[in-house]
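Residues per chain are reported as follows:
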Amino acid sequence: MVDEKVRLIMGSLLHDTGKVIYRQGDDRRNHSISGYDYLKEETNLTDSEILDCVRYHHASLLKRAVGLKENSLAYIVYLADNIAAFSDRRKKDESEDRGFERSLPLQSVFNILNGNHEKKHYAMQVLDPHAGINYPTDQPVSMDEHFYKTVIQNITECLRGIELDEKYLNSLLSVLEANLSYIPSSTSKKELTDISLYDHIKMTAAIAACTEQYLEEKQERNYKKLLFENAKQSYEEKMFLLYSMDISGIQNFIYTVGESGVLKGLRARSFYLEIMMEHIIDLLLDKLELSRVNLLYSGGGHCYLLLANTKKTVDRINEFQKELKEWLLEQFQIELYVAFGYVACTGNAFRNIPEGSYGQLFREMSKMLSEQKQHRYCAQDIIKLNHKKLRDYSRECRVCKRIGRVDDEGVCPLCRKIESLSKNVLYSEFFSVVLGNSEEKEGMPLPGGCYLVADTKESLSRRMEKDDHFVRAYSKNKMYTGKHIATKLWVGDYTTGDTFEEFAKKSKGINRIGVLRADVDNLGQAI
């Protein structure tokens, strides 16, 4: 990723820092100016392009800007901020309130879901795994200045400790997620305040990155004219692709377990699929010269991304899909499949203009996903599958039932690796993605010639410094900053140390244990 793209993403992520400054004390200036002065004076940020994105992301200051070039990145952030704000700001029903209130807490998105009329909100809190889940409550909450001061102190310390370049983009995103997830983006009394400041700045950065790529392909560099003076026309340009991936075969893969170690097998297989999905997302984003700011949602083998509507993007998506399909066929035959779907869209569609256009995006995207699932393999794929020759057809794995090479106990190499992974899921702090070499091929296979290995904080530090094969790392249940740390994964790694037999003996009556399996129906449809 070139420096200009990195500056644009960082400028977008930091553009509303002044809102925290404004709410933490006596600074009554425009938050663009407050954020600009804070970053320049307190964090030693000297990059003029990033600072201009913070200082000039509002029309009133852009109009009066002196010496700002026509291709300044500030114009891109201005448009992206407007589209993001259009998308997440909705008026309260029959509200007569006016003005702003700095102490307003973040409301729950479930307040109005499916016709609800609740008034739940979140407590003042940074995102801390050790603090428990911050459930929305009916209890009175008022955001005070002390909390905002704590937040700005946290951000200041972290900004001073990370390098502002591509290797630390995800670290910056993690810092802002930890501190801004329970802070409302807007404190207008006439609007719903259920969108966090973190979600707003992340969406702004995603839109900005896509806009820059779209204009780059069109060889347009007069951002002032296109995005500021003719902003209304730009809202109607199909600059974006709403993109989705969906893994098929998850249930069968997860519940393919042996006669013993069922719980360990379930845990390891579920974790393996989750981290594989995150790795696939990161692989694609790398190919598209984007970052995780463009990831809108990931979970349950499904994800949504916001991409640029360019020929280069579509070509690389198709190329990536072909490579991924070939890898899945090689590793799992037809057990797992990833479908792709995307639809071109305008900035106005994100605020449902014209009415119904937002829902139509998802219907068109879902249609493409469904069509791919119904026609997964071409004639060439089927011929290749039918002519595939393995060295050993004599035995099938007693766990996954695939025919091939097995050990003396009748278990294939992949199932044996999954068995080893289970203990690492419980006790390892980090999971690193490394390029395949003789040393790491005992790790879990991942697309792109990569393998997944477990790390401690110490071994990861050594890997970051000396290992040329290191690609990225994922932390578990903790939020870290560092070189190429992609994101954190929430993992249920709690354990009592008791065996199932010991649990059964504690039961009343017959010595058995109970198993609970839960699922949420229609969640995707509701969202």
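Predicted, not measured: the structure shown is a model, and the values here were computed from it.

A.B. asks: Please provide a residue-by-residue account of the overall build of the protein, values included.
C.D. replies: Counting its secondary structure elements, the protein contains 20 helices and 9 strands. Here the C-alpha atoms of the protein give a radius of gyration of 25 Å, agreeing with the 24 Å that 2.2 N^0.38 yields for 527 residues. For the protein, the spread of C-alpha atoms along the three principal axes comes to 80 × 60 × 50 Å. Burial statistics for the protein: of 527 residues in total, 49% are counted as buried.

A.B. asks: Kindly report on a nonpolar patch on the surface, identifying the contributing residues and their values.
C.D. replies: Together, Leu263, Phe500, Phe503, Ile513 and Val515 give the surface a local cluster of nonpolar side chains, amounting to about 480 Å² of exposed area. Inspection of the secondary structure assignment puts Phe503 in helix H19 (residues 500-505).

A.B. asks: I'd like a rundown of the side chain of Ser108, residues and numbers included.
C.D. replies: Structurally, Ser108 can be placed in the loop between helix H6 (73-88) and helix H7 (145-161). Ser108 gets classed as buried once you look at its relative accessible area, which sits at 2%. The residues contacting Ser108, other than those within four sequence positions of it, are Lys120, His121, Tyr122, Pro136 and Asp194.

A.B. asks: Help me get a handle on the packing of helix H1 (residues 3-14) against H6, residues and values and all.
C.D. replies: Relative to each other, H1 and H6 sit at 45 degrees, their axes nearing to 10 Å. Classified by the angle between their axes, H1 and H6 sit oblique to one another. As H1 runs across H6, the sense of the crossing is right-handed. Residues Glu4, Arg7, Leu8 and Ser12 of H1 lie in contact with H6, whose contacting residues are Leu73, Ile76 and Val77. Residues belonging to the contact of H1 with H6 are distributed by class as follows: 4 nonpolar, 1 polar and 2 charged.

A.B. asks: Residues and numbers for the sheet that holds strand S2 (residues 295-299), please.
C.D. replies: Across the sheet, which stays open at both edges, the 4 strands sit in the order S2-S3-S1-S4 with antiparallel pairing between neighbours. On the outer flanks of this sheet lie S2 and strand S4 (337-345), each paired with one strand and no other. The sheet shows a mean angle of 20 degrees between the axes of neighbouring strands, direction not considered. Here helix H9 (residues 197-217) sits on the sheet in contact with strand S1 (240-248), S2 and strand S3 (302-308), set at roughly 45 degrees to S3.

A.B. asks: Which residues make up the packing of H7 against helix H8 (residues 169-180), and what are the values?
C.D. replies: Two elements in contact, H7 and H8, have axes separated by 10 Å at closest approach and are oriented at 170 degrees. One finds that H7 runs roughly antiparallel with respect to H8. Contact residues: Val151, Asn154, Ile155, Cys158 and Leu159 in H7; Leu172, Val175, Leu176, Asn179 and Leu180 in H8. Class assignment of the residues belonging to the contact of H7 with H8 gives a composition of 8 nonpolar, 2 polar and no charged.

Parameters at a glance
Residues numbered from 1 in each chain as written. Predicted model: local features only at pLDDT ≥ 70, side-chain atom pairs only at ≥ 80, totals over all residues. Heavy atoms only, no water. Helix = DSSP H or I, 4+ residues; strand = E, 2+ residues; numbered from the N terminus. Rg over C-alpha atoms; globule rule 2.2 N^0.38 Å. Buried < 20%, exposed > 50% of the residue type's maximum accessible area, 1.4 Å probe, protein only. Patch = residues over 30% accessible without salt bridge, like charges linked within 9 Å, V, L, I, M, F, W, Y side chains within 5 Å. Areas by Shrake-Rupley, 256 points an atom, 1.4 Å probe, with all protein chains shown as cover. Salt bridge = Lys/Arg side-chain N within 4 Å of Asp/Glu carboxyl O. Contact = heavy atoms within 4.5 Å. Axes fitted to C-alpha atoms, helices over the stretch in contact; angles between N-to-C directions. Parallel < 35°, antiparallel > 145°, perpendicular 65-115°, else oblique. Left-handed = near helix turned anticlockwise from the far one by under 90°. Nonpolar A, V, L, I, M, F, W, Y, C, P; charged D, E, K, R; others polar. Pairing = 2+ DSSP bridges.

Shape is all these values report; function is a separate question.
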